[in-house]
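A look at the structure
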Amino acid sequence: MADELRIDNELLDRVQRRVLWLAVQQVHYANHVRPRDDALKVGGHQASCASVVTLMTMLFFEFMREGDLLSVKPHASPVFHAIQFLLGRLDGSYLKRLREVGGLQSYPSRKRDPDQVDFSTGSVGLGAVAPNFASIVHTYLRTHSMGGTAPRRFLSLVGDAELDEGSVWEAVAEPAMAGAEALIWIVDLNRQSLDRVIPGIRVRCWREMFAANGWEVIDAKYGRRLEDAFAEPNGELLRICIDELSNDAYQRLLRLPPAQLREWLPRKSRYPRDMRRLLDRWDDARLQDVFWNLGGHDFDVLRAAYARAAARSRPAVVFAYTLKGWRLPSVGHPQNHGVLLTHEQIESLRAGLGIAESETWSRFEPGTPEADLCESAARRLNRSVHREPAARIESPVPTAVSLAHKDTRSTQQTFGALLVALSRECPELAKRVVTVSPDVASSTNLGGWISKHQVWQLSEPEELPHDQTAGILEWSPSPTGQHIELGISENNLFLMLGQLGLSDELLGQPLIPIGTIYDPFIRRGLDALFYSLYSGAKFVMVGTPSGVTLAAEGGIHQSVLTASIGAEMPELASYEPCFSAELEWILMDALRAVRDRQRSTYLRLTTKPVDQRLFTAPERDADRESLRRQVLAGAYRLRDDRGEPGYAPGSNVVNLFACGAVVPEALAARDALRRQGRFVNVVNVTGPGPLFADYRRAATESAATGRSARSLLDALVPAEDRGAPVVTVVDAHPHMLAWIGAALGSRGWPLGVAGFGQSGSLPDVYRAYGIDASTIEATCLAALRAD
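Everything in this summary refers to the structure shown in the same document. (Residues numbered from 1 in each chain as written. Predicted model: local features only at pLDDT ≥ 70, side-chain atom pairs only at ≥ 80, totals over all residues. Heavy atoms only, no water.)

This brings us to the overall build of the protein. Of the regular secondary structure elements, the protein holds 30 helices and 20 strands. A compact globule built from 787 residues would reach a C-alpha radius of gyration of about 28 Å, and the protein, at 31 Å, matches this within 12%. Expressed as lengths along the three principal axes of its C-alpha atoms, the size of the protein is roughly 105 × 70 × 50 Å. Expressed as a percentage of its 787 residues, the buried residues of the protein come to 59%. For the protein, the accessible area works out to roughly 30,900 Å², and carbon and sulfur atoms hold 50% of it. Across the protein, the 87 positively charged side chains and the 95 negatively charged ones have centroids separated by 2 Å. (Helix = DSSP H or I, 4+ residues; strand = E, 2+ residues; numbered from the N terminus. Rg over C-alpha atoms; globule rule 2.2 N^0.38 Å. Buried < 20%, exposed > 50% of the residue type's maximum accessible area, 1.4 Å probe, protein only. Areas by Shrake-Rupley, 256 points an atom, 1.4 Å probe, with all protein chains shown as cover. Lys, Arg positive; Asp, Glu negative; His and termini not counted. Charge placed at Lys NZ, Arg CZ, Asp CG, Glu CD.)

A few words on the packing of helix α10 (residues 258-268) against helix α11 (residues 272-280). Where α10 contacts α11, the axes come no closer than 8 Å and their chain directions differ by 150°. The angle between α10 and α11 places the two elements in the roughly antiparallel class. Every pair of crossing elements has a handedness; the one defined by α10 and α11 is right-handed. When α10 is examined against α11, the residues R262, L265 and P266 are found in contact with a partner set consisting of P272, M275, R276, L279 and D280. Across the contact of α10 with α11, the residue classes tally to five nonpolar, no polar and three charged. (Axes fitted to C-alpha atoms, helices over the stretch in contact; angles between N-to-C directions. Parallel < 35°, antiparallel > 145°, perpendicular 65-115°, else oblique. Left-handed = near helix turned anticlockwise from the far one by under 90°. Contact = heavy atoms within 4.5 Å. Nonpolar A, V, L, I, M, F, W, Y, C, P; charged D, E, K, R; others polar.)

With that settled, consider the sheet that holds strand β17 (residues 653-659). Judged by pairing direction, the sheet is mixed, and its five strands sit side by side in the order β16-β18-β17-β19-β20 without closing on themselves. Edge strands, defined here as strands with exactly one partner in the open sheet, are β16 (635-639) and β20 (748-751). On average, each strand axis in the sheet is tilted by 25° relative to the strand beside it, whichever way the strands run. In the sheet, strand β19 (residues 726-729) pairs with β20 via four bridges, with the strands oriented parallel. Following the sheet pairing, V726 is matched in β20 by G748. (Pairing = 2+ DSSP bridges.)

The sheet built from five strands is open, its strands ordered β1-β2-β3-β5-β4 with parallel pairing. Of all the strands in the sheet, just β1 (69-71) and β4 (216-220) have a single pairing partner and so form its edges. Here the strands of the sheet are splayed against their neighbours by 15° on average, with no regard to which way each runs. Strand contacts of helix α4 (residues 130-143): β1, β2 (154-159) and β3 (183-189), with the helix running at about 170° to β2, the strand carrying the most contacts.

The final tally for this structure, using the stated rule, is 19 aromatic pairs. Aromatic side chains W185 and F210 sit 5.7 Å apart centroid to centroid with 75° between the ring planes, which places their arrangement in the edge-to-face category. Remark: F210 occurs in helix α6 (residues 200-212) and W185 occurs in strand β3; sequence separation between them is 25 residues. Here W185 matches F210 in class, with each residue buried. (Phe/Tyr/Trp six-rings, centres within 6.5 Å; stacked < 30°, edge-to-face > 60°.)

With that settled, the discussion passes to the pattern of salt bridges. All told, the structure shown has 58 salt bridges when counted by the stated rule. Across the salt bridge formed by R629 and E625, the nearest N and O atoms sit 3.0 Å from each other. Here R629 and its partner E625 are both found in helix α24 (residues 621-633), four residues apart, which amounts to about one turn of the helix. For R629, a relative accessible area of 54% gives the class exposed. Among the ionic pairs, D640 bridges to R642, the shortest N-O distance being 2.7 Å. (Salt bridge = Lys/Arg side-chain N within 4 Å of Asp/Glu carboxyl O.)

Here helix α21 (residues 526-534) has its buried residues at A528, L529, Y531, S532 and L533. Buried positions along α21 lie against α4, α19 (490-500), β12 (540-543), β13 (572-575) and β14 (600-604). The positive-phi residue at the C-terminal boundary of α21 is G536, with phi of around 95°.

This is the structure:
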């Protein structure tokens, strides 16, 4: 790595004043100047921006190098955009479009912002830890000879209140963090959250928790001028006094004029008389300058702290003490979080920072030292100069693999068998596959894959005597293993999947990540799942086992909401297949979609054995391909009674839509109804998410063009069948498929699980929640009578 730079402090100060001005001005313009067609507050966080200006000026204009990746705390978004503008990476017109459609987002966004955001932030505590997992991915790539050799540092600028989030400590304590390299956090310690001043005891706890997890803890507490004051005769008294002040007291003293500060510092000191004599040596300007001079606003102190962090081989955290609202009228006020400066205060700030009217929205004048610094920083941080050549996965993804036939098989068993078959038949493609699980690998059928591809671990495994009682899972750690085993944290699973799923965009090396999780616990990691998808990650997630079909485990382990989550989550295709052939097609397409950077996929599977003879694949290649496409699109006719003698929609026909584990129940109900002279078309809904997305596409297109657009539903239930009632059944909340009746212009009868689950045998639980064959049969008969 190149020698460390050292930029003149006065030059950095002139740059940071422009950064502060542009950040504050963005928020001011959006709220008070830009024309609007509503009366809602646009918002913004001028005080939170001010506290990090020095931290970020030092990062971008001196410390950071090409290849470094940075997560910026959510409320510092305007500071980030101001710096990107000065570096020439953002068109100036965007500065007037903060929080506007198509403009700058409220919080840094990888996909929505026009400049180069490394990590989305905004969901507190998630963007902060994303660099941790990105660092692990970088190490993984290096140990698998997939790049990862270019020097990179993974940086996170974190708001101190974010450290209250449990997700932070789940990530810090994650055992897989042993693979993290060149990881540095900078905590903006302004001691204020949204509503309050943070108690000082929290800071001590945070320091101890980082240290306990093996992090280097570094303080940037006092500025150089304050340290100089401590070195004067009796100056140690001021240090003692400040160290013993509560955060509330310190924040309050910040807002006092010098005369009152002279009164209150001795009152808060253990040595009041000596403190008064010390303060009497300084005039008002010196006193206030010294008292405000914290390490987070001192370039020399930050330079030393950053360098110390970079020199460590283990993760490091810098606690940078700052002032929330630095150089603003609202500095230190406990409720300054969302306070907006008035026009008068803005003009006063302009004068104090030395910003001319003509410089309100401008970069520095070309040829000036400030402009030269911006240009040199932009060149230094240009990732296209020496970046590793981007890789592509050239291996084709088959539509199917050779899977041994079994009369009875669960979808979870099929999933495990498919991974083993993929590894056998597509070895080059399999090299890019990495599986992840939060301590549930064996119970989600990853055993075969792990036995072949090993568990990723940097250290060599300890030599132990052979275990004669070992099971079928061969747990062999290796630096080239292709399974990452996490601790029991669903948040960490989705954050790890997210960064693995961004390895192409961030690190130039694509991977195909597959994560397995107990389906009910998707709820626990929901925010992290949303965050990773919002950031643009591409991966496959497998939730298994699912639903009340996991009968004996009881309600807390029976997922009711997850199917809805999958269908409603943007950029995620959710599937719930019943038969092995369906899952085979869906999984292969999911891998292709990740390879081609198209989307992520959620597979909701079960441990329920299903009779595979209920499904028959067409013999002709063209017919089989047509069926495969329907499976991927979300549904197909599994049983079709059209053409049978006496078939009369509106009289004796029901269109029955079933999904996943309850498809056999629907088929049993259909057989019973056929014996009674009724006709039942059974539609197997393999993908509730894609099916609805296709219907919505067609409806939107029809509304926009005035011409009827066809959807898959139109093909499955043509006009002549629309008079029949629609019964839907799913092992999830009934609203998942309830929309189908209305979409077809028919009355709908939705069956599903609308309450919390309970323990029992599978038949008893199905009966209790009305998704058994008898209830489906009775519902179909009721629907025919009602029509």
